[in-house]
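One-letter residues, chain by chain:
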Amino acid sequence: ALLVALFLLCAKDEQWFKHMDFSILSPATNKINFWHLLAVRNAQELMFMVLLALLPPWYAGNHVRQSRFYAPVWHAIAGIWFLSGISFFCSYLELFKSTSALALAIPEVARRDMIPFFALFIVIYLSCGVALRISVLPSASSSDPSFGSFWGVLKTLEEATHGPD
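Computed from a predicted model, the values in this text were never measured in an experiment.

Asker: Is there a simple way to explain helix α6 (residues 97-136) in this structure?
Answerer: Since the α-helix packs 3.6 residues into each turn, any two residues three or four apart lie on the same face. Taking 1.5 Å of rise per residue, 40 residues should cover 58 Å, and α6 covers 56 Å from first to last C-alpha, within 8% of that figure. Considering bend angle alone, the principal kink of α6 is centred on V109 and spans about 40°. Buried within α6 we find S100, A103, Y125, G129, R133 and V136. Buried residues along α6 sit in contact with α5 (70-93) and α7 (150-162).

Asker: Just to check I follow, could you spell out the environment of N30 for this structure?
Answerer: Tracing the chain through its elements places N30 in the loop between α2 (15-18) and α3 (38-54). N30 sits 27 residues away from P57 along the chain, and the two C-alpha atoms are 43 Å apart.

Asker: Would you explain a nonpolar patch on the surface in this entry?
Answerer: Nonpolar side chains collect at one region of the surface, where L46, M47, F48, M49, V50, L51, L54 and L55 lie side by side and expose about 720 Å² of accessible area between them. Along the chain, L46 turns up in helix α3. Residue classification places L46 among the partly exposed residues on the basis of a relative accessible area of 47%.

Reading the values: the criteria
Residues numbered from 1 in each chain as written. Predicted model: local features only at pLDDT ≥ 70, side-chain atom pairs only at ≥ 80, totals over all residues. Heavy atoms only, no water. Helix = DSSP H or I, 4+ residues; strand = E, 2+ residues; numbered from the N terminus. Expected span 1.5 Å × (residues − 1). Bend = angle between axes of the 7 residues up to and from the residue. Buried < 20%, exposed > 50% of the residue type's maximum accessible area, 1.4 Å probe, protein only. Contact = heavy atoms within 4.5 Å. Patch = residues over 30% accessible without salt bridge, like charges linked within 9 Å, V, L, I, M, F, W, Y side chains within 5 Å. Areas by Shrake-Rupley, 256 points an atom, 1.4 Å probe, with all protein chains shown as cover. Salt bridge = Lys/Arg side-chain N within 4 Å of Asp/Glu carboxyl O.

Now the structure itself:
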């Protein structure tokens with residue numbers, strides 16, 4: 001955060017910074033975006049890591065521990081932070097000759113291959129879930145954890161796809 005503050009306060013009059021794009025939501029395509037600089041991204045990751053380390057539910061007071069909302073949200077944010085490390089690490093791999101081609105190809109592969117595959121997988125997954133629920137409806141009781149509800153059928157299919165915990 002100190003580095004970002006130094007950039008914004010002290011170096012903003014330098015020619016390199018004057019020709020930068022500082023927009024967050026819609027970056028320009030013909031300028032270098034300030035928020036995509038590796039040093040700035042390092043500072044952002046470090047700031048989020050410090051916040052996660054300072055605010056875990058097990059160090060919070062009893063009021064926060066008893067909240068049904070805080071712990072799941074904190075764990076979701078922590079999970080997203082760790083998953084964001086994948087793209088962050090790929091930005092370092094782009095700097096080396098032997099790994100740059102692969103690191104630069106990963107976002108394009110995700111955009112062109114993984115998202116369409118995921119959409120197709122979801123359609124097939126939900127269709128199989130509906131078909132399985134309809135086929136077991138006459139024989140399954142509502143107390144059956146696997147086939148008693150549509151949600152139970154989807155969880156059973158997910159476990160069949162990815163294996164048990």
